[in-house]
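Chain and residue survey
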Amino acid sequence: MSPPCHTSALLLVFMALAVVGAEPSEERSCDVIGDESSESQMERALLKKLEPLSHMRFNVTVEKGKTENYVYHFRVCREVNSTSHDFGGLVQTDRQNGKTTVIGRINETQVFNGSDWIMLIYKGGDSYGRHCSGEKRRAVIMISCKRGVTASSFSIISEEREKEQECFYLFEMDSSVACPAENSHLSAGSILLITFVSLIAVYIIGGFLYQRLVVGAKGMEQIPHFAFWQDLGNLVADGCDFVCRSKPRNAPAAYRGVGDDQLGEESEERDDHLLPM
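Residues numbered from 1 in each chain as written. Predicted model: local features only at pLDDT ≥ 70, side-chain atom pairs only at ≥ 80, totals over all residues. Heavy atoms only, no water.

1. As for the overall build of the chain
Helices and strands together make up the secondary structure of the chain, namely 5 helices and 8 strands. Scanning the chain from its N terminus toward the C terminus, one meets helices and strands in the order α-α-β-β-β-β-β-β-β-β-α-α-α. Burial statistics for the chain: of 277 residues in total, 25% are counted as buried. In the chain, of all internal contacts separated by at least 6 residues, the share reaching a separation of at least 24 is 49%. A total accessible area of about 19,600 Å² is found for the chain, and carbon and sulfur atoms account for 58% of it. (Helix = DSSP H or I, 4+ residues; strand = E, 2+ residues; numbered from the N terminus. Buried < 20%, exposed > 50% of the residue type's maximum accessible area, 1.4 Å probe, protein only. Contact = heavy atoms within 4.5 Å. Areas by Shrake-Rupley, 256 points an atom, 1.4 Å probe, with all protein chains shown as cover.)

2. A few points about the packing of aromatic side chains
Within this structure, the stated rule accounts for 11 aromatic pairs. When the centroid spacing of 5.4 Å and the interplanar angle of 70° are considered together, the rings of Tyr72 and Phe171 count as edge-to-face. In this pair, Tyr72 sits in strand 2 (residues 68–75) while Phe171 sits in strand 8 (residues 168–175), placing the two residues 99 residues apart along the sequence. Look at Phe171 and you get buried, because its relative accessible area is 0%. With centroids separated by 5.2 Å and ring planes inclined at 15°, the aromatic side chains of Phe74 and Phe154 adopt a geometry described as stacked. Of this pair, Phe74 sits in strand 2 while Phe154 sits in strand 7 (residues 152–160); the two residues are 80 residues apart in sequence, bridging distant segments of the chain. Residue class for Phe154 comes out buried when judged on its relative accessible area of 11%. Just above the ring of Phe87 sits the side chain of Arg28; from NZ or CZ to the centre is 4.2 Å. Between the NZ or CZ atom of Arg137 and the centre of the ring of Tyr128, over which it lies, the distance is 4.6 Å. (Phe/Tyr/Trp six-rings, centres within 6.5 Å; stacked < 30°, edge-to-face > 60°. Lys NZ or Arg CZ within 6 Å of the ring centre and 35° of its normal.)

3. Describing the nonpolar core
Counting 34 residues, the largest nonpolar core has Leu50, Tyr72, Phe74, Leu90, Tyr122, Ile141 and Phe171 as the members making the most contacts within it. Counting residues per element, the ones that place at least two in this core are helix 2 (41–49), strand 1 (57–64), strand 2, strand 4 (100–113), strand 5 (117–124), strand 6 (139–145) and strand 8. (Core = buried A, V, L, I, M, F, W, Y, C linked by side-chain atoms within 4.5 Å.)

4. Brief notes about the state of the cysteines
On inspection of all chains with the given rule, the structure shows 3 disulfides. The disulfide that involves Cys30 links it to Cys77, with 2.1 Å between the sulfurs. Around the S-S axis, the bridge from Cys30 to Cys77 shows a dihedral of about -100° and counts as left-handed. Taken together, the residues Cys30 in the loop between helix 1 (3–22) and helix 2 and Cys77 in the loop between strand 2 and strand 3 (88–94) connect sequence positions 47 residues apart. The buried category is assigned to Cys30, whose relative accessible area is 12%. Cys77 sits in the buried class, given a relative accessible area of 4%. (Disulfide = S-S within 2.5 Å.)

5. Section: the sheet that holds strand 6
Strand order in the open sheet formed by 8 strands is 1-2-3-4-5-6-8-7, with mixed pairing between adjacent strands. One side of each edge strand has no neighbouring strand; the edge strands of this open sheet are strand 1 and strand 7. The average undirected angle you get between the axes of adjacent strands in this sheet is 25°. (Pairing = 2+ DSSP bridges. Axes fitted to C-alpha atoms, helices over the stretch in contact; angles between N-to-C directions.)

6. Some points on the UniProt feature "transmembrane region" (unreviewed entry) in the chain
Listed under "transmembrane region" (unreviewed entry) in the UniProt record, and renumbered for this structure, are residues 186–210. Helix makes up 92% of residues 186–210 and strand 0%. Its end C-alpha atoms lie 34 Å apart. (UniProt positions renumbered as here; feature names shortened; annotations may be inferred.)

7. Notes on the pairing of strand 5
Within strand 5, 6 of the 8 residues are buried, which leaves the element mostly enclosed by the surrounding structure. Of the strand pairs in this sheet, strand 4 and strand 5 are connected by 7 bridges, and their pairing is antiparallel. Among the inter-strand pairings, Arg105 is bridged to a residue of strand 5, identified as Lys123. Counted between consecutive antiparallel strands, the loop separating strand 4 from strand 5 contains 3 residues. Relative to strand 6, strand 5 runs antiparallel, the two sharing 6 bridges. Looking at strand 6, one finds that Tyr122 is bridged to Ala139.

8. Examining the pairing of strand 4
Across 5 bridges, the pairing between strand 3 and strand 4 is antiparallel. From the neighbouring strand, Val91 faces strand 4, where its bridge partner is Val102. Taking the residues between adjacent antiparallel strands as the criterion, strand 3 and strand 4 are bridged by 5 residues, where Gly98 takes a positive phi near 75°.

9. A closer look at helix 3 (residues 188–215)
Between its terminal C-alpha atoms helix 3 stretches 38 Å, which fits the 40 Å expected from 28 residues at 1.5 Å a residue. A positive backbone phi angle near 85° is found at Gly216, which sits one or two residues after helix 3. (Expected span 1.5 Å × (residues − 1).)

10. Remarks on the confidence of the model for the chain
Here the chain averages 81 in pLDDT, and 79% of its residues register 70 or above. Long-range and interchain partners of residues 18–24, a stretch whose pLDDT sits below 50, account for 0 contacts in this model, where long-range means more than four residues apart. (pLDDT = per-residue confidence, 0-100.)

Here it is as structure tokens:
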């Protein structure tokens, strides 16, 4: 192989390796404790429900005097630092010396829920030193329902490390993913109203098209059963007129004309002259 061809081949190999190395590896996700076959449908459903939060990062800073100054980094079912490959889902960083401690790992996850909350637990963190019999740390994250908010208010509540065992870090946050599905069922009255309005619309539109296209009606005659509705309107108007008026239209006048008494007396006198003597 000639030197130019050899050089070109090496360049192609290096470029291929660079492209392969540049491809981002797929991020690891939560692995529930136990075999995959033992995972319940509820756990899988909850992990899928938390998926919208997996692309977000949460941080909270805690300062206690001059001795404790930490930053807690948290991701939902993802590694905080995917390049370290340590499965750390919740990590503590000491701001004084830069030391990093894994509080809980996503490959040892537990998850369960209530009516309006989801509890996510990361176990298998770095071991305690003098506390809690040197057991491994674990993080408990309580996610409470808050509609209209994807995620907010991530904070640490407490660290329980004075016990002999079962110590934990407790965190909380708000998110709409923990909310139950809203009941969208319509009431019986709403269904009847929608049905009634739909039937009226079909009657008016269908009747209009029939009168116009089949019968050839024009103007107001295009209204279906126009004569019926016209008569019905007249009957309703007559009923309202009869019920709402205070007296009939043909009521006699409350006064008498001037000279009525005189006219009545003159007619009686004329009649007397006509009687036989």
